[in-house]
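# Summary of the model geometry
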Amino acid sequence: MIYKGYEFQENDECLIIKNVKDFNPTHIFDCGQCFRWGKKEYGVYFGIVKDKCVEVSFKSTKNESEGDVIISNSGLDDAKLWYNYFDLETDYSLIKNILKKDNILAKAIEYAPGIRILKQDFNEMLISFIISANNSIPRIMKTIENICNKYGDELTYKGKVHFTFPSIEIFAKLTSEDLRFSSAGFRCHYIVHTAKLAEECRLSGDDLMKISYAQALEVMQQFRGVGPKVADCVLLFSGVKMEAFPVDVWVKRVIEALYLKKSATFKEITMFADVKFGLLAGYAQQYLFYFARENKIGIKKRE
DNA sequence: TTGCAGGGGTCAA
DNA sequence: TTGACCCCTGCA
């Protein structure tokens, strides 16, 4: 079957998307944008998206940059879901060619050419990135897993039980005491406060797409536990605003070390990215983030 | 073994 | 502008 220019095949309870360019599971699932994907073996990632447990791998055909995406436990009915989730609409080769004019980005892109920005659920991103504040990735993943295990719906995959990410309505009914077990700590209070407000105003990613990036940032920061960084992450990783440029410590380090050659404030870095990368800032951020973290750019060694 | 920074920030004073 | 916030990990 053909859907929007891509050929989809079903084989052995797997969905295969033929001839996809710019797709590398390691680059995609390990660039800090998602918390419910984990490596199973080399090049194979297990993840939970909506009410589906799947394994995703990539088999190159013509050359390294083009091949088939193989999604287990999925079929042709899900073609639209994955087309959207993996942002197959966007021509990453085109974006990379524009960004590569900058020498530093050219290096970062060469390092992880298979990055794609996933279009994830807006409310899931909102709660997940509140949990991410002043936290480390393994702990963020553990906290989210704890919450899903208690409040999500049960799914079974290969004989093992997994859980969906709870809806915002479920979070809205909880108290911070209910979340205390999850080790989200001081973020419990933010989560329930934000969930109640999000449910009340029924805010969606679609609503935010209709207003400017600056306005969307302002709306987002009305939620408890959502400052500039978390707001940018939610907007970018739910596919609402691709010019969002989340500035975390890694991005701050890489911009300071490679571009500015001096220490800078978060605000200065945000302004720099806006001028330098414009509407492609979100994509640039992902290449730089991955490059910085994998190579430990800008880390000061202890005396 | 213990102790203590510090982490993919945000809030409040 | 700065300290406090949960709590877990890594390092000395």
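To start, this report covers the structure provided alongside it. Worth saying up front: this structure is predicted, and the values here are computed from it rather than measured.

Before going further, it helps to spend a moment on the layout of surface pockets. Here the largest pocket defines a volume of roughly 710 Å³. Looking at the lining of the largest pocket, the elements that each hand over two or more residues are helix H6 (137-151), helix H11 (213-220), helix H12 (228-237), helix H13 (249-260), helix H14 (266-277) and helix H15 (281-294). Per-class residue counts for the lining of the largest pocket are 19 nonpolar, 11 polar and 4 charged.

Our next topic: the protein's contact with DNA strand C. As a matter of local geometry, DNA strand C sits amid Asn134, Arg139, Ser183, Gly185, Phe186 and Arg187. A distance of 2.4 Å is found between a base oxygen of DNA strand C and a side-chain nitrogen or oxygen belonging to Arg139. Here Phe186 contributes a backbone N or O atom positioned 3.2 Å from a sugar or linking oxygen of DNA strand C. Its residues assigned to classes, the surface near DNA strand C shows 1 nonpolar, 3 polar and 2 charged.

A few words on H13. Taken residue by residue, H13 has Trp250, Val251, Lys252, Val254, Ile255, Glu256 and Tyr259 as its buried positions. The inward-facing, buried residues of H13 abut helix H4 (103-111), H14 and H15. Taking the backbone nitrogen of Trp250 as reference, a side-chain oxygen 2.8 Å away marks Asp248 as the first, capping residue of H13. The first or second residue beyond H13 is Lys261, which carries a positive phi of 55°.

What follows covers the packing of H11 against H12. It is at 9 Å that the axes of H11 and H12 come closest, and there the two elements cross at 120°. Once H11 is placed against H12, the crossing between them reads as right-handed. For the pair H11 and H12, contact is made by Tyr213, Ala216, Leu217 and Met220 and by Pro228, Ala231, Asp232, Val234 and Leu235, respectively.

This part covers the protein's contact with DNA strand B. Lining the immediate environment of DNA strand B, one finds 25 residues, of which Gly32, Ile137, Arg139, Gly225 and Gly227 sit closest. Backbone sugar and phosphate groups make up 58% of those atoms of DNA strand B lying within 4 Å of the protein. Per element, the largest residue contribution to the surface near DNA strand B is 4 residues, and it comes from H12. The class makeup of the residues in the surface near DNA strand B is 13 nonpolar, 7 polar and 5 charged.

Turning our attention to the side chain of Asp248. One can find Asp248 in the loop between H12 and H13. At 4.7 Å, Lys229 is the nearest oppositely charged side chain to Asp248, a buried residue that forms no salt bridge. Within the structure, the side chain of Asp248 is placed 2.9 Å from the backbone nitrogen of Val251, a separation counted as a polar contact. Not counting the four nearest positions on each side in its chain, Asp248 is found in contact with Lys229, Phe266, Gln285 and Phe289.

A few words on the state of the cysteines. Enumeration over the complete set of coordinates arrives at 0 disulfides. Left unpaired, Cys34 is separated from the closest cysteine sulfur, that of Cys31, by 6.7 Å. Since its relative accessible area comes to 6%, Cys34 is described here as buried. The structure places no disulfide on Cys201, whose sulfur is separated from the nearest cysteine sulfur, that of Cys233, by 20 Å.

A few words now on the sheet that holds strand E4 (residues 37-41). In space, the 7 strands of this open sheet follow the order E1-E2-E3-E7-E6-E5-E4, with antiparallel pairing throughout. At either end of the open sheet lies a strand with only one pairing partner, and these are strand E1 (2-3) and E4.

Moving on, we come to the environment of Ser128. Of note, Ser128 is situated in helix H5 (residues 122-131). Ignoring sequence-local partners within four residues, the contact set of Ser128 consists of Phe35, Ile140, Ile144 and Phe165.

What counts, and where the lines are drawn
- Within every chain, residues take consecutive numbers counted from 1 along the sequence as written.
- Whichever chain is written first is A, and whichever ligand is written first is 1; the rest continue in order.
- Predicted model: local features are reported for residues with pLDDT of at least 70 only, side-chain atom pairs are reported and counted for 80 or more only, and whole-chain, interface and lining totals are derived from all residues.
- Side-chain metrics in this entry use all non-hydrogen atoms of the structure; hydrogen atoms and water are not considered.
- Here the term cavity refers to a set of points on a 1 Å grid, laid over the protein atoms alone, in which a 1.4 Å probe fits but cannot get out; the term pocket refers to an open set having protein on both sides within 12 Å along at least five of seven lines, with lining residues being those that place an atom within 4 Å of a point.
- Grid points are joined across faces, edges and corners, and a volume is the space filled by probe spheres set on the points.
- Runs of H or I in DSSP of at least four residues are treated as helices and runs of E of at least two as strands, each being numbered from the N terminus.
- Amino acids outside the nonpolar list (Ala, Val, Leu, Ile, Met, Phe, Trp, Tyr, Cys, Pro) and the charged list (Asp, Glu, Lys, Arg) are all regarded as polar, and Gly is one of them.
- If a single non-hydrogen atom of a residue is within 4 Å of a molecule or strand, that residue counts as near it.
- Throughout this description, a polar contact denotes any pair of N or O atoms lying within 3.5 Å of each other; where both atoms belong to protein, one of them has to be capable of donating a hydrogen while the other can accept it, and for residues adjacent in sequence the pair is counted only when both atoms sit in side chains.
- We call a residue buried when its accessible area falls under 20% of the maximum for its residue type, exposed when it is over 50%, and partly exposed in between, using a 1.4 Å probe and counting protein chains only.
- In this description, contact between two residues means that some pair of their heavy atoms is separated by no more than 4.5 Å.
- Axis lines are fitted to C-alpha atoms, over the contacting stretch for helices. Their N-to-C directions set the angle, which ranges from 0 to 180 degrees.
- By convention, the crossing between two helices is left-handed when the near helix turns anticlockwise from the far helix through less than a right angle, and right-handed when the turn is clockwise.
- None of His or the chain ends enter the tally, which takes Lys and Arg as positive and Asp and Glu as negative.
- Definition used for salt bridges: Asp or Glu carboxyl oxygen within 4 Å of a side-chain nitrogen of Lys or Arg.
- Note on terminology: pairs of cysteine sulfur atoms within 2.5 Å are recorded as disulfides.
- Strand pairing follows a simple DSSP-based rule, namely that at least 2 bridges must link the two strands.

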